[in-house]
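Observations on the three-dimensional arrangement
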Amino acid sequence: MKDIQQVMTKESAKRLVELLIQVTRPQEYTIVFDDLSNLTRSQVTYLEKLKNHFHILAAARQIRVEHASFITNFEKLEIKPLTRPETLELIAKAALPYLNRIEDYEGFKNHIWDQTGGNPLYTLEMIERYQKEAYVSTEHTRDIRHTAAQRELDMMLPLIIALSALMVLRYAGGELGDDAGAYRLIGGVFLVFALFARNIYKMVKTEICVTNHW
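Description of the structure in this document. Quantities reported herein were computed from a predicted structural model and do not represent experimental measurements. (Residues numbered from 1 in each chain as written. Predicted model: local features only at pLDDT ≥ 70, side-chain atom pairs only at ≥ 80, totals over all residues. Heavy atoms only, no water.)

**Side note on helix α3 (residues 41-50)**
Residues V44, L47 and L50 constitute the buried set of α3. Within α3, the buried residues cover an arc of 120° as seen down the axis, which keeps them to one side. Of the surrounding secondary structure, the elements contacted by the buried residues of α3 are α2 (13-22), β1 (30-33) and β2 (55-58). (Buried < 20%, exposed > 50% of the residue type's maximum accessible area, 1.4 Å probe, protein only. Helix = DSSP H or I, 4+ residues; strand = E, 2+ residues; numbered from the N terminus. Arc of directions from axis to C-beta. Contact = heavy atoms within 4.5 Å.)

Okay, structure coming up:
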């Protein structure tokens with residue numbers, strides 16, 4: 001151990017890699033890397049030497065194409081998001097310590113599912129965030145969002161602009177000849193639709209939310 005510590009403090013990373021290979025048998029040990037997402041070129045060089053001597057288990061969100069030469073003989077295991085039942089089960093177990101502090105438990109679970117899409121890391125991060133609160137009210141449940149979640153887009157303004165543009169046809173028809181009736185009819189239809197557009201939009205949005213909760 002004294003010799004190893006001396007080498008670790010004095011020798012370069014290249015020398016350490018060579019030493020590890022010299023003092024071990026092929027496939028004798030498994031090296032585990034938590035995250036290889038941000039590799040440098042020199043680190044790739046070391047991994048190319050280590051992969052032929054050690055069994056390597058590594059995790060990475062992504063690897064740049066120019067740094068992917070060392071994974072040519074790796075078996076790729078892709079971790080997919082959890083299903084909705086699995087996510088709800090994870091939430092139930094992880095949030096158990098502060099379950100009595102959650103006002104709307106069903107809404108709490110649905111909100112986390114909507115925000116994380118089944119990603120277990122994001123799910124646990126949100127649960128840990130809620131745990132810091134003294135009381136998780138219904139309003140507070142919706143206020144907390146995950147930074148990686150897709151934001152809801154309000155399409156009301158683009159819808160109004162589009163309807164307004166089409167309603168112009170009703171008045172443009174008055175300036176036309178034979179096609180005036182058709183333009184007035186089309187513009188009139190969209191004028192009627194525009195009168196009820198906000199209520200229709202609210203109904204559709206509410207229905208989508210209810211469907212997501214089930």
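There is more to say, and it comes next.
**What to know about the packing of helix α4 (residues 84-94) against helix α6 (residues 120-131)**
At a minimum axis distance of 10 Å, the contact between α4 and α6 shows a crossing angle of 30°. Note that α4 runs across α6; the crossing there is right-handed. Taking contact as the criterion, the partners of T87, L90, I91 and A94 in α4 are, on α6, P120, T123, L124 and I127. Each residue belonging to the contact of α4 with α6 can be placed in one class, and the counts come to 6 nonpolar, 2 polar and no charged. (Axes fitted to C-alpha atoms, helices over the stretch in contact; angles between N-to-C directions. Left-handed = near helix turned anticlockwise from the far one by under 90°. Nonpolar A, V, L, I, M, F, W, Y, C, P; charged D, E, K, R; others polar.)

**Structural notes on the nonpolar core**
Among soluble globular proteins, nonpolar side chains are generally buried collectively. In terms of nonpolar packing, the biggest core is built from 11 residues, these being I91, A95, Y98, I102, F108, I112, M126, I127, Y130, V136 and I144. Those elements that provide at least two residues to this core are α5 (105-116) and α6. It is α6 that contributes the most residues to this core, 3 residues altogether. If we skip the residues at most four places from it in the chain, M126 touches H111, I112, Q115, T116, I144, R145 and H146. (Core = buried A, V, L, I, M, F, W, Y, C linked by side-chain atoms within 4.5 Å.)

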